[in-house]
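Okay, here's what each chain looks like letter by letter:
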Amino acid sequence: MKPIVTNRLIIREFRPSDLGEIYRILDVELGLVDSVEQDSSIAQRKKWLEWTLQSYEQNRMLLNPPYGNNAIVLKDSLQLIGACGFTPILAPLGLIPYYRYSAGVVDEEYNYPEVGIFFAISPHYQCRGFAYEASKALIELGFKKLKIKRIVGITNLYNNPSIAVLKRLGMRIETLPSHKWMQVVGFLENNLNGKAD
Ligand SMILES: CC(C)(COP(=O)(O)OP(=O)(O)OC[C@H]1O[C@@H](n2cnc3c(N)ncnc32)[C@H](O)[C@@H]1OP(=O)(O)O)[C@@H](O)C(=O)NCCC(=O)NCCS
C-alpha cells in the first residue's frame, strides 16, 4: 500500500527495522494476544513481521486487496505509535438483523465475508484521536479507491475505547452480548454509489 499522509500521521508499510518498537507496543505495552498459540515473545512478533512484509509483496503480485498490518507513524517525529489495517472477516453476521437487512441475506447459519478494520495505539499516545485519524484515512481509501461496499469493526463489550472510535467513525453499532468474539459490530456503508475515482 502506498503511504497515506494525514494531518498528523503517516500510515505506511512496516519495515524490518520496526521490530523492536512494534514488539514493545503490541506485546509489552498492550499485551495483545489473538489466540492461545501466541506467546507475546519477540520471536513470535518477528515471525508476524516477516509474514506481514511478505504479505505486501504477495498481495501486490496476486492483485489482492491491501489486507494486513500497517505502521502508524507521527508525521513530525517519524515515531512509530501503532498499527492499523484492513482484515478479511468471515463471521456469522447474519445473526444481526441490521446486516441481514443491509446485505440482503436471510440465513443466520452461514459465515459471511466482509472487509474489517483494526487499530492499536501505544498507551503513551492514546486519547489524542490518532486511532480515529488513521482509521478515517483507511476508510477513505477503502471507499473511494477500493470501492468496498461496507467496512466492519468487531470488538468486545468491554472495549470502550474501541467502541468509541467505531462510533466516531460514524459506524452503526450493533451488539450480540452473548457471542464469544463478536459482541460488538460496527458497520459503515459506502454511500458513494460507485462514483468515487
Ligand atoms: C482502541 C484504541 C486503538 C484507541 O486508540 P486512541 O488513539 O486512544 O483512540 P482515539 O483517541 O482516536 O479515540 C479514543 C476514544 O476512546 C475514548 N476512550 C478512551 N478511553 C476510554 C475508556 N476507558 N472508556 C470509554 N471511552 C474511552 C475517548 O474518549 C475517545 O472517544 P471520543 O473520540 O468520542 O472522545 C486503543 O485504546 C488501543 O490500542 N487499544 C488496544 C487495542 C485494541 O483494543 N484495538 C481495537 C481492536 S478492535
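This section reports on the structure supplied with the text. (Residues numbered from 1 in each chain as written. Predicted model: local features only at pLDDT ≥ 70, side-chain atom pairs only at ≥ 80, totals over all residues. Heavy atoms only, no water.)

**Some remarks on the overall build of the protein**
Looking only at helices and strands, one finds five helices and eight strands in the protein. Taking 197 residues into account, the globule formula puts the C-alpha radius of gyration at 16 Å, and the protein, at 17 Å, falls close to it. Each principal axis of the C-alpha distribution contributes one length, and for the protein these read about 45 × 40 × 35 Å. Among the 197 residues that make up the protein, the fraction classed as buried is 46%. Expressed as a percentage of contacts within the protein between residues at least 6 apart in sequence, the contacts between residues at least 24 apart total 63%. (Helix = DSSP H or I, 4+ residues; strand = E, 2+ residues; numbered from the N terminus. Rg over C-alpha atoms; globule rule 2.2 N^0.38 Å. Buried < 20%, exposed > 50% of the residue type's maximum accessible area, 1.4 Å probe, protein only. Contact = heavy atoms within 4.5 Å.)

**Observations concerning the site of the ligand**
Close to the ligand lie 21 residues; Phe-119, Ile-121, Cys-127, Gly-129 and Asn-159 are nearest. Cys-127 is positioned with one of its backbone polar atoms (N or O) 2.6 Å from an oxygen atom of the ligand. Within the contact set of the ligand, an oxygen atom lies 2.7 Å away from a side-chain nitrogen or oxygen of Asn-159. Relative to its free-state accessible area of 960 Å², the ligand is covered by the protein chains to the extent of 68%. Sorting the residues of the shell around the ligand by element identifies strand S5 (112-121), helix H4 (130-145), strand S6 (150-155) and helix H5 (160-168) as the ones contributing at least two each. (Near = heavy atom within 4 Å. Polar contact = N/O pair within 3.5 Å; in protein donor to acceptor, adjacent residues only side chain to side chain. Areas by Shrake-Rupley, 256 points an atom, 1.4 Å probe, with all protein chains shown as cover.)

**Let's talk about the layout of surface pockets**
Each pocket or cavity is described by its volume, and for the second largest pocket that value is around 250 Å³. In terms of lining, the second largest pocket is formed by Ile-4, Thr-6, Tyr-132, Glu-133, Lys-136, Ala-137, Glu-140, Leu-141, Lys-144 and Lys-145. It is H4 that provides the largest number of residues to the lining of the second largest pocket, a total of eight residues. Looking at the lining of the second largest pocket residue by residue, the class counts come to four nonpolar, one polar and five charged. (1 Å grid on protein atoms, 1.4 Å probe; cavity = no way out; pocket = protein on both sides within 12 Å on 5 of 7 lines; lining within 4 Å. Points joined across faces, edges and corners; volume = space filled by probe spheres on them. Nonpolar A, V, L, I, M, F, W, Y, C, P; charged D, E, K, R; others polar.)

**What about the packing of aromatic side chains?**
Counted by the stated rule, this structure contains four aromatic pairs. Ring geometry for Phe-14 against Trp-48: centres 5.5 Å apart, planes inclined by 70°, an arrangement best described as edge-to-face. Highlighted residues: Phe-14 in the loop between strand S2 (9-13) and helix H1 (19-29) and Trp-48 in helix H2 (residues 42-61), separated in sequence by 34 residues. Judged by its relative accessible area of 3%, Phe-14 falls in the buried class. (Phe/Tyr/Trp six-rings, centres within 6.5 Å; stacked < 30°, edge-to-face > 60°.)

**Observations regarding the sheet that holds S6**
Pairing in this open sheet of eight strands is mixed, and the strands run S1-S2-S3-S4-S5-S6-S8-S7 from one edge to the other. Of all strands in the sheet, those bounded by a partner on one side alone are strand S1 (4-5) and strand S7 (172-175). As paired strands, S6 and strand S8 (residues 184-189) are joined by six bridges and run antiparallel to one another. Each bridged residue has a counterpart across the sheet, and for Gly-153 the counterpart in S8 is Gly-186. (Pairing = 2+ DSSP bridges.)

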